[in-house]
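Commentary on secondary and tertiary structure
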Amino acid sequence: MSRESLLLDIKDLNIFFKNKGHKKDTHAIRGLDLSLKEGEILGIVGESGCGKSLTNLCIMGLLPDQSYATWEQFNWRGNQYSEFKEKTWRGLRGSEIGMIFQNPMSSLNPTLSLEYQFEEIFKLHRKDLSKSQRKAEAISLLERVGITQAEKRLKSYPFELSGGMAQRVMIATVMATSPRLLIADEPTTALDVTIQNQVLDLIKDLSQENKMSVIFVTHDLAVVSHMADRINVMYAGEIVESASCSTLIQNPSHPYAHALLNSLPTEEAIIHKAQLKSIPGQVPSFNQRPEGCSFAPRCPYQKEDCKSSEFEQMVKHKKTRCLYPLNSLQSKAGALHE
Amino acid sequence: MNKIIEIDQLTKRYELSGGDYIDALKGIDLHLIKGETLGLVGESGSGKSTLAKILMKLEALNSGRILLKERDSQLYKPKEYFSHIQMVFQDPYSSLNPRKTIFSIITEPLVINKSLTQEELRRIAKDKIELVGLNSQVLERYPHTLSGGQRQRVGIARALTLEPEVLILDEPISALDVSIQAAILNLLIDLQKKLNLTYLFIGHDLNVIRYIADRVAVMYLGEIVEMGSTDDIFKNTKHEYTKKLINSSLDLKNDN
């Protein structure tokens, strides 16, 4: 894999929250490595509170006020960025990196017609277009995402749209600038199953047509298994496993990934009405992480050295942050195929 | 067959401005057998939640009737009615009052419906909170200090304080993480066995419905288009809409 084909390459990203007084800053995201090829769909899964959204906000340059990020390397389309600068990110955000959210209704401005919402984007990012070109472009974008009678629809307001339609409009507004990366944060969680598939297919098609990369965040493992080329599993602010989609689904090597997959109602559980395997306990908050492996207290395979203070160093930059990965032989075979 | 709830030709019409109207429920026939779980599926807008609200008397019905234990629901006094039937809501974040302790959230139905001493309230609250797998120390805390899964357990404990026989579960696990979903499903199945509860389980995840439901009813645009045993609905699907629903449901992709 050559460096050139990577769209985004982040090494050792750390995000901190400032605390009041002399208390040490809270270390939220720890040593995160993330890379993304052109046109690749990367799934990020994990329970709430694992830092999925925080990571994406950082890539968007939209970290909350009380937080800051450090990294060893932040490489975007071959350019190195040594630190966060609002001015640099203003150039990327919207034009090169687009984002869609869980609830399309709250991401569109309820008081403006769709035409006006497109206008706002064109004014910022497509200054070359004339008024009639802008309208034609908006119509073609709406048609591309499968909205019928697009010209008429431009006069509509968000409340006149169904949830699925509003999410399509959101995607159309993002596509207006042909971004290289689309960050989709739980984009179908609020939609019905029948609509969900249409939106997922749309995202996939757009990614293929435009060689656009996608970071797809979800807690729905079934959805991500249909979408992603590669999956990162996050736990308590770290990526604990990164593998190709099929390897992860068939042979997860981190016990947490394994437990997540196991908690779904499987065919066998359905037929035999067997008890489901839930994960005991809950994700520790960022400032109450145990020493050593964060997952150890909930892990059925934990051993003494999982809790040692050298744990961090031992697993750093490994594809699976675990001292005793499961199915290690099979996983190795899977890694060779990649 | 012991029908604990029988719904007969139930209709609900919402009047809109300008003389328009929406028929949210168009003559629903449905029954719940004691001890079973009936899964209710369908897209948003199909009338699932309207039906739940009418069963909980949060909305009035237009025509038709609901029989609870062979007696018309209209004839019950509210206190009597709600000692038989209670509801668990989808969102454990917005369905618990953030300014009340877990103790007062759980005991509120008792305070409203029965006159009990503080001691009795304490005892019942402790009982119920332990029944749903939480430590009784939780009673002194506020909802914001609990995780989503813990909150949903509190929502279930509240629904159980009046010792009802029927629980309406409106998407009780949709807002939770997968790992927590499994724990809550296990709890619900456990409670059903222990207390011989009858569930109306509203959901959109068809694997979950297949797992938990004995029978399934499929709703579409205010009507029940198909109803039968869970096996029948998923194996001998008859209605086009049900087929569409089953086809769009995503399973873990395991083959590439």
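All figures in this text were calculated on a predicted structure; none of them were measured in a lab.

A word on empty space enclosed by the protein. Inspection of the entire model under this criterion finds three cavities of 30 Å³ or more. Estimated volume of the largest cavity: approximately 90 Å³. Along the wall of the largest cavity there are 13 residues; nearest its centre are A:Pro255, A:Cys293, A:Cys299, A:Cys306 and A:Cys322. Of the volumes computed, that of the second largest cavity is approximately 60 Å³. For the second largest cavity, the full set of lining residues is A:Asp192, A:Val193, B:Val41, B:Gly42, B:Glu43, B:Gly203, B:His204, B:Leu206 and B:Leu245. Considering only residue class, the lining of the second largest cavity consists of four nonpolar, three polar and two charged.

All names here are of chain B. Mapped onto the elements of the fold, His31 is located in strand E2 (residues 21–33). For His31, a relative accessible area of 19% translates into the label buried. Ignoring sequence-local partners within four residues, the contact set of His31 consists of Lys3, Ile5, Glu6, Glu36, Leu38 and Arg215.

Glancing now at the packing of aromatic side chains. Ring pairs (aromatic) are described by centroid distance and by the angle formed between their planes. All names here are of chain A. Scanning the entire structure with this criterion turns up 14 aromatic pairs over all chains. Look at Phe16 and Tyr68: their rings are 5.2 Å apart centre to centre, the planes differ by 20°, and that puts the pair in the stacked class. With a gap of 52 residues between them, Phe16 in strand E1 (residues 6–17) and Tyr68 in strand E4 (residues 67–70) connect regions that are remote in the sequence. Relative accessible area serves as the criterion here: at 29%, Tyr68 is assigned to the partly exposed category. Considering the side-chain rings of Phe118 and Phe122, the 6.2 Å spacing of their centres and the 25° angle between planes classify their relative orientation as stacked.

Now for helix H1 (residues 48–55) of chain B. All names here are of chain B. Taking burial as the measure, the eight residues of H1 include six buried ones, the bulk of the element. Those residues of H1 not exposed but buried are Lys48, Thr50, Leu51, Ala52, Ile54 and Leu55. Just past H1, the residue Lys57 takes up positive phi, approximately 60°.

Moving on, we get to the confidence of the model for chain B. For chain B, the mean per-residue pLDDT works out to 93, and 99% of the residues sit at or above 70. Ranking the helices and strands of chain B by mean pLDDT puts strand E8 (residues 198–202) of chain B first, with 97, and helix H9 (residues 240–248) of chain B last, with 91.

Right, let's talk about the sheet that holds strand E5 (residues 71–72) of chain B for a bit. Consider a sheet: its strands pair through backbone hydrogen bonds, and that pairing is either parallel or antiparallel. Residues and elements named next belong to chain B. With antiparallel pairing, the four strands of this open sheet are ordered in space as E2-E1-E4-E5. Edge positions in the sheet fall to E2 and E5, since each of these pairs with one other strand and no more. Summarising the sheet, strand E1 (residues 3–15) and E2 pair through 10 bridges and their orientation is antiparallel. Looking at E2, one finds that Lys12 is bridged to Leu25. The strands that H1 touches are E1, E2 and strand E4 (63–68); relative to E1, the one it contacts most, it runs at about 115°.

Calculation rules
Residues numbered from 1 in each chain as written. Chains lettered and ligands numbered in written order. Predicted model: local features only at pLDDT ≥ 70, side-chain atom pairs only at ≥ 80, totals over all residues. Heavy atoms only, no water. 1 Å grid on protein atoms, 1.4 Å probe; cavity = no way out; pocket = protein on both sides within 12 Å on 5 of 7 lines; lining within 4 Å. Points joined across faces, edges and corners; volume = space filled by probe spheres on them. Nonpolar A, V, L, I, M, F, W, Y, C, P; charged D, E, K, R; others polar. Helix = DSSP H or I, 4+ residues; strand = E, 2+ residues; numbered from the N terminus. Buried < 20%, exposed > 50% of the residue type's maximum accessible area, 1.4 Å probe, protein only. Contact = heavy atoms within 4.5 Å. Phe/Tyr/Trp six-rings, centres within 6.5 Å; stacked < 30°, edge-to-face > 60°. pLDDT = per-residue confidence, 0-100. Pairing = 2+ DSSP bridges. Axes fitted to C-alpha atoms, helices over the stretch in contact; angles between N-to-C directions.

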